[in-house]
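Here is what each chain is made of, one letter per residue.
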Amino acid sequence: MKRLQAFKYELMPNGEQQRHMRQYAGCCRFVYNKALALQKAHYEAGGQFIGYVAMAKHLTAWRHSTGSPWLKDAPVHPLQQKLKDLERAYKNFFARRAALPRFKKKSLSDSFRYPDPKQFKLDQGNSRIFLPKLGWLRYRNSRGVVGDLRTVTVSEACGKWLVSIQTQREVTPALPTGAAVGIDVGINRFATLSDGTWFAPLHGFKRHAQCLARAQRAMSRKVKFSRNWRKSKAKVSRIHARISHARRDYLHKISTAISQNHAMVCIEDLQVRNMSRSAAGTTEAPGKNVRAKSGLNRSILDQGWYELRRQLDYKMAWSGGLLIAVPAHNSSRTCPPCGHIAQENRPTQAQFRCVACGYENHHHPSLRLAQYFAACEISVSCRDHEQSDP
């Protein structure tokens, strides 16, 4: 089985290399926006979508035109990759998997990618990497790179330059270990397992809310785009990055522990975007309890439920396990043994008594839901086993 994996490190470039990387990222952003503007103008004129091959010819003309001769200073392969990114974005839009592509802003997700492994070199012994037109760059070698090199992506975040090295290697399919388990996510308890284990929430944003508010108020008093305003903005970005890194690290620890100790995991198929939608409403039909719903939305987004599911998806595949998403509709009112669905089954949040079979479960609501998900995945596995038998 072939496994694609990326290894991310912090670069330590000198001043000249930083200037070149900012220039290359700006060139890639310019090409992306210019190609997007051309697509929009072509569509408004009644034309069809311009593919990558035809757009690459426009890129050659832009690099040799008198209006943008500085595009020649940037490597051509990263510029071509931006055209491929735009084509992929439009295909996702046509397939209704994403919204219409938008123009990129300066200093927001600046990055460029080298697609050919023949263009770069990796010297892990000396903790350095060679990139075209940049030379050798030092990086913080926190772990070894395993596998054959595929692509290298250089990105900027909070004033720091990062390099992501994608590799591919052949691995032996792992055998799953452990039993089946159901997971229910929440706010008071971040994740509750059907065996009784539960993980406390991190509340990363809530912990830094006061510090973040203070930094944002200080930035609002500065003259926009002044030097002091940029310093304040960098401080706000560092606080947001600290929150994001802590949340991601916590989710990796939880998902690793679950995937390594269970062969089958069942999780609720939550639509986080719909759950965290604003309740403000419109002028004609204003919403109710807007402030309370805003606080609930903030708590939901602070947990990172979808990120946990995304990490469990590939980690369970790596360990040979299986991840099953159970529909969330009526999950708290369904009886696990008989499957009877009724509002009367749950008279209160802490009580559950089936009106059809008499089954009772007065455990914590999250534990009860996790046990229900575990029962769902056991029934799914049994059904699949019966269908596979000759």
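Presented here is a report on the structure given in the accompanying data block. (Residues numbered from 1 in each chain as written. Predicted model: local features only at pLDDT ≥ 70, side-chain atom pairs only at ≥ 80, totals over all residues. Heavy atoms only, no water.)

### Topic: helix α9 (residues 305-318)
Then, in step 1: Between its first and last C-alpha atoms α9 spans 20 Å; for 14 residues at 1.5 Å apiece the expected length is 20 Å, and the two agree.
Then, in step 2: What α9 keeps buried is the set Trp 305, Leu 308, Gln 311, Leu 312, Lys 315 and Met 316. Viewed along the axis of α9, the buried residues span an arc of 125°, placing them on a single side of the element.
Then, in step 3: Against the buried residues of α9 lie β8 (179-185), α6 (227-261), β11 (262-269), α7 (272-275), α8 (290-303) and β12 (322-327).
Then, in step 4: One or two steps after α9, the chain reaches Gly 320, where phi turns positive at roughly 85°. (Helix = DSSP H or I, 4+ residues; strand = E, 2+ residues; numbered from the N terminus. Expected span 1.5 Å × (residues − 1). Buried < 20%, exposed > 50% of the residue type's maximum accessible area, 1.4 Å probe, protein only. Arc of directions from axis to C-beta. Contact = heavy atoms within 4.5 Å.)

### A few points about the sheet that holds strand β6 (residues 148-157)
Then, in step 1: Read across the sheet, 7 strands follow the order β2-β6-β7-β1-β5-β4-β3 without closing on themselves; strand pairing throughout is antiparallel. Strands at the two margins of the open sheet, each flanked by one partner only, are β2 (111-114) and β3 (121-123). Going from strand to strand, the sheet's axes swing by 30° on average, the running direction of each strand aside.
Then, in step 2: Two elements, strand β1 (residues 2-12) and strand β5 (residues 135-139), share 2 bridges in a ladder whose sense is antiparallel. Along β5, the bridge assignment pairs Leu 11 with Tyr 139.
Then, in step 3: The sheet strands contacting helix α1 (residues 15-44) are β1, β2, β5, β6 and β7 (160-170), and the helix crosses β2 at an angle near 90°. (Pairing = 2+ DSSP bridges. Axes fitted to C-alpha atoms, helices over the stretch in contact; angles between N-to-C directions.)

### Describing the pairing of β8
Then, in step 1: With respect to burial, β8 is a largely interior element, 5 of its 7 residues being buried.
Then, in step 2: Alignment of β8 against β11, held across 5 bridges, turns out to be parallel. Looking at the pairing, Ala 180 lines up with Met 264 of β11.
Then, in step 3: Where β8 folds back onto strand β9 (residues 191-193) in an antiparallel hairpin, the turn is made up of 5 residues.

### Thoughts on the pattern of salt bridges
A side chain with one charge can pair with a side chain of the opposite charge if their charged atoms come near.
Then, in step 1: As enumerated under the stated definition, the model contains 10 salt bridges in all.
Then, in step 2: Put simply, Glu 10 and Arg 140 hold a salt bridge, and the shortest N to O gap is 3.4 Å. One end of the pair, Glu 10, is in strand β1; the other, Arg 140, is in the loop between β5 and β6, with 130 residues separating them in the sequence.
Then, in step 3: Of the residues examined, Arg 140 reaches a relative accessible area of 47% and is grouped as partly exposed.
Then, in step 4: Here Arg 353 ties to Glu 360 by a salt bridge, and the two come within 3.1 Å at their closest N and O atoms.
Then, in step 5: Exposure remark for Arg 353: the relative accessible area of 35% places this residue in the partly exposed category.
Then, in step 6: Given the relative accessible area of 44%, Glu 360 is considered partly exposed.
Then, in step 7: One continuous salt-bridge network, built from bridges that share partners, spans Asp 85, Arg 88 and Arg 113. (Salt bridge = Lys/Arg side-chain N within 4 Å of Asp/Glu carboxyl O.)

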